[in-house]
Amino acid sequence: MTALLLRSGKLLDVETGEYAEGDLLCADGRIAETGPGLTAPDGAQVVDLAGATVLPGLIDAHVHVTAATADLGALPAWSPSYATAHAAQIMGKMLDRGFTTVRDASGADFGLADAQAEGLIRGPRLAFCGKALSQTGGHGDSRPRGTRVHDGHQCCAGLGRIADGVDAVRAAARDELRKGAHHIKVMAGGGVASPTDRIDSTQYSMDELRAIVEEADAANRYVAAHAYTARSVSRALRAGIRSIEHGNLIDESNVAEFLEHDAFLVPTLVTYWALKTEGREFGLPEDSWRKVDDVLGAGLAALEMAHRGGVKIVYGSDLLGGMHRHQNEEFRIRGEVLPPLEVIRSATTTAADLLGMTGEIGTLRVGALADLVVLDGDPLEDIATLANPEHIRHVVQHGALA
């Protein structure tokens, strides 16, 4: 048995929002026991926390670990080995920032997930969707207007694949599921980092969206949709899509639809702040940079509206290129309108629910996977404690110091 005993910490029960002072024992990758004065098993590593805060490992439910540049149209021309080297570095730094599980929202594949699981790549546990499904001219179509040919080879490093029509989207969804996708990503509206669409556009017909959902349901998986506007969000929810990514331009009518369909909202506010201030420095084309203002100002208001209405909200960052380093800043931004405990839940228990890993991650309950963050400071008093990775003293993954 491999064991790690964390002694004298403040253990946060995310469900209740209460601290318990005591020890936490990790054994064979899981939380084996919590309480005061635990006995260390023979050969266990013992770490004295001296009252530091212990949280469940953080979960970021919207990342792109292969997006080492903000010029997403350039990625398909990269060598797969070069893109993988960048992804390995990006993932390792995510783990250092306290994120022990991430959900990739297009770009990562089974190779990266397997490499992480086998210890070949240091980084968070990776839930992947493969390539996002996009209509011609949609958010996942990175071709400029003068380019006709699209290379959809699975080894290309781009984030999207183009499929048009019910039969084609069924085949594309089945193909990603065949390769082990944990979820399917669909572009249901316009976006910032795409060259030929407008943010206020809707994308895919209802028949196409429903066909994609049917294929995911058949495989006991779910669909996540990129969507900003109230109209595109409404269409996605009515089609049966489980998680809405971004949602900056939702209105009150969408709140009722989220509740009716038991769906999740994954805001990604930090990326717009980062794109506006640094996007061009890291490769964001000028046309895309000018789109940022369309969604930047509305994001906090949408977040506050969703929270007030009881929508299940999950943590996401969606950063690109050298802007990945701002991943924790999302805690500070959300803290402007949400209580600290709700922000923490979005990156732990609620995120675990979305990923279908309730009770396995995002909790300090006995029996859960031993993914933990040890933090100097009290994030319930000041959520900005989590926004600064310098406050992270230790990261534990699968019961071992990462």
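Structure first, text after, so check above.
Everything numeric here is computed off the predicted structure, so don't read it as measured data.

J.: Please set out the pairing of strand 12 (residues 223–229) residue by residue, giving values where relevant.
T.: For strand 12, a buried count of 7 out of 7 residues is recorded, marking the element as mostly surrounded by other parts of the structure. Where strand 11 (residues 184–187) meets strand 12, 4 bridges bridge the pair, whose relative direction is parallel. When the bridges of strand 12 are listed, Met 187 appears paired with His 226. You can see the chain leave strand 11, run along helix 4 (residues 206–218) and come back into strand 12, and the turn it takes is right-handed. With 5 bridges joining them, strand 12 and strand 13 (residues 243–249) adopt parallel strand pairing. In the sheet register, Ala 227 faces strand 13, and the bridge partner there is His 246. The parallel pair strand 12 and strand 13 is bridged by helix 5 (residues 230–238), and the resulting crossover is right-handed.

J.: Provide a residue-level description of the pattern of salt bridges, including the pertinent values.
T.: A full pass over the atoms with the stated rule returns 23 salt bridges. The partner of Glu 245 in a salt bridge is Arg 103, and the shortest N-O contact between them spans 2.8 Å. Of the two residues, Glu 245 is situated in strand 13 and Arg 103 in strand 7 (residues 99–104); the sequence distance between them amounts to 142 residues. Glu 245 gets classed as buried once you look at its relative accessible area, which sits at 0%. On the accessibility criterion, Arg 103 (1% relative accessible area) is buried. Asp 175 is paired through a salt bridge with Lys 179; the nearest N and O atoms lie 3.6 Å apart. Residue Lys 179 is classed as buried on the basis of its relative accessible area of 15%.

J.: Can you lay out helix 6 (residues 252–261) for me, pointing to particular residues and giving the numbers?
T.: The complete set of buried residues in helix 6 reads Asn 254, Val 255, Glu 257 and Phe 258. Looking straight down helix 6, one finds that the buried residues subtend no more than 165 degrees of arc, so they occupy a single side. Against helix 5, strand 13, strand 14 (264–266) and helix 10 (299–308) lie the buried residues of helix 6. One or two steps after helix 6, the chain reaches Asp 262, where phi turns positive at roughly 55 degrees.

J.: Now, about the side chain of Ser 243: what can you tell me, with residues and values included?
T.: If you trace the backbone, Ser 243 turns up in strand 13. On the basis of relative accessible area, Ser 243 is assigned to the buried category, the value being 0%. In terms of polar contacts, Ser 243 uses its side chain to reach the side chain of Arg 103, at 3.3 Å. Engagement of the side chain of Ser 243 in a polar contact is seen with the side chain of Glu 245, the distance being 2.5 Å. When residues no more than four places from it in sequence are discounted, the contact partners of Ser 243 are Arg 103, Tyr 222, Val 223, Ala 224, Ala 225, Phe 264, Val 266 and Leu 354.

J.: Summarise the environment of Asp 293; cite the residues concerned and give the values.
T.: In this structure, Asp 293 sits in helix 9 (residues 293–296). Residue Asp 293 is classed as partly exposed on the basis of its relative accessible area, which comes to 44%. Here the alpha-carbon distance between Asp 293 and Val 192, two residues 101 residues apart in the chain, equals 9.6 Å.

J.: Help me get a handle on the packing of helix 3 (residues 166–178) against helix 4, residues and values and all.
T.: The N-to-C vectors of helix 3 and helix 4 enclose an angle of 30 degrees; their axes lie 9 Å apart at closest approach. Considered as vectors, helix 3 and helix 4 are oriented roughly parallel to each other. Crossing of helix 3 against helix 4: the hand is right-handed. Contact residues: Val 166, Val 169, Arg 170, Ala 173, Arg 174 and Leu 177 in helix 3; Asp 207, Glu 208, Ala 211, Ile 212, Glu 214, Glu 215 and Ala 216 in helix 4. Split by residue class, the contact of helix 3 with helix 4 holds 7 nonpolar, no polar and 6 charged.

Calculation rules
Residues numbered from 1 in each chain as written. Predicted model: local features only at pLDDT ≥ 70, side-chain atom pairs only at ≥ 80, totals over all residues. Heavy atoms only, no water. Buried < 20%, exposed > 50% of the residue type's maximum accessible area, 1.4 Å probe, protein only. Helix = DSSP H or I, 4+ residues; strand = E, 2+ residues; numbered from the N terminus. Pairing = 2+ DSSP bridges. Right-handed = clockwise from strand over helix to strand, strands pointing away. Salt bridge = Lys/Arg side-chain N within 4 Å of Asp/Glu carboxyl O. Arc of directions from axis to C-beta. Contact = heavy atoms within 4.5 Å. Polar contact = N/O pair within 3.5 Å; in protein donor to acceptor, adjacent residues only side chain to side chain. Axes fitted to C-alpha atoms, helices over the stretch in contact; angles between N-to-C directions. Parallel < 35°, antiparallel > 145°, perpendicular 65-115°, else oblique. Left-handed = near helix turned anticlockwise from the far one by under 90°. Nonpolar A, V, L, I, M, F, W, Y, C, P; charged D, E, K, R; others polar.

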